Amino acid sequence: MTTRYEFATPKGLFALQRRKDGMWVTMFENEALEPHKTPERAAHALSSGEGVTPSCGNTSSLGIPAELSAWRRVRAR
């Protein structure tokens, strides 16, 4: 089991997925974007529109929170 954070927007579902190597990858739907050392850094990258732009476009105007407490934490296999 691994930890995953999810946040739904009008454009689709964003996620922060922990990989086996300990890095956290930002996701849009099933599209892997980029790895980060911490989930906090990954959330900030999506919130501010920094880094790789997903197929839906820039994420800075989607209301994605930088704080993990606003994301839904789920257990993934």
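Residues numbered from 1 in each chain as written. Predicted model: local features only at pLDDT ≥ 70, side-chain atom pairs only at ≥ 80, totals over all residues. Heavy atoms only, no water.

**So, the confidence of the model for the chain**
The line we're drawing: Each residue carries a pLDDT score, the predictor's own confidence in it, on a scale running from 0 to 100. Working definition: helices are DSSP H or I runs of at least four residues, strands are E runs of at least two. Numbering for both runs from the N terminus.
Overall, the predicted model of the chain reaches an average pLDDT of 94, with 96% of residues at or above 70. Model confidence for the chain, summarised as mean pLDDT per element, is weakest for strand β5 (residues 72–76) at 88 and strongest for strand β3 (residues 24–28) at 97.

**Digging into the side chain of E6**
So the rule is basically this: Nitrogen and oxygen atoms within 3.5 Å of one another constitute a polar contact, given that in protein one can donate a hydrogen and the other can accept it, and given that sequence-neighbouring residues count only through two side-chain atoms. For this analysis, residues touch if any pair of their heavy atoms sits within 4.5 Å.
Examined against the element boundaries, E6 turns out to sit in strand β1 (residues 2–9). For E6, the side chain forms a polar contact with the side chain of R4, separated by 2.9 Å. A distance of 2.3 Å separates polar atoms of two side chains, one belonging to E6 and the other to R72. Those residues in contact with E6 that sit more than four places away from it in its chain are L13, F14, A15, W71, R72 and V74.

**Section: empty space enclosed by the protein**
Under the convention used in this document: The rule is simple: put a 1 Å grid over the protein atoms alone, call a set of points where a 1.4 Å probe fits but cannot get out a cavity, call an open set with protein on both sides within 12 Å along at least five of seven lines a pocket, and count a residue as lining if it has an atom within 4 Å of a point. Grid points are joined across faces, edges and corners, and a volume is the space filled by probe spheres set on the points. Residue classes follow a fixed rule: Ala, Val, Leu, Ile, Met, Phe, Trp, Tyr, Cys and Pro count as nonpolar, while Asp, Glu, Lys and Arg count as charged, and any other residue, Gly among them, counts as polar.
Under the counting rule described, the total for this entry stands at one cavity of 30 Å³ or more. Taken as a whole, the largest cavity encloses approximately 50 Å³ of empty space. Along the walls of the largest cavity sit 13 residues, with A45, G49, E50, V52 and T59 positioned nearest its centre. Of all the secondary structure elements, the ones that give two or more residues to the lining of the largest cavity are β4 (31–36) and α1 (39–48). Class assignment for the residues of the lining of the largest cavity results in four nonpolar, seven polar and two charged.

**Quick look at the environment of A66**
The condition is simple: When accessible area is computed with a 1.4 Å probe and restricted to protein chains, residues below 20% of their type maximum are described as buried, those above 50% as exposed, and intermediate ones as partly exposed.
Looking at the element boundaries, A66 is found in the loop between α1 and β5. The partly exposed category is assigned to A66, whose relative accessible area is 27%. With 22 residues separating them in the primary sequence, A66 and H44 have C-alpha atoms 4.5 Å apart. What A66 contacts, discounting residues up to four positions off in sequence, is E40, A43, H44 and S47.

**Description of the side chain of H36**
Tracing the backbone through its elements, the reader meets H36 in strand β4. You can call H36 buried: its relative accessible area is 9%. Those residues in contact with H36 that lie beyond four places of it in its chain are M23, W24, T26, R41, A42 and A45.

**Things to note about α1**
What α1 keeps buried is the set P39, A42, A43, A45, L46 and S47. Where α1 is buried, its residues contact β1, β2 (12–18), β3 and β4. A positive backbone phi angle near 80° is found at G49, which sits one or two residues after α1.

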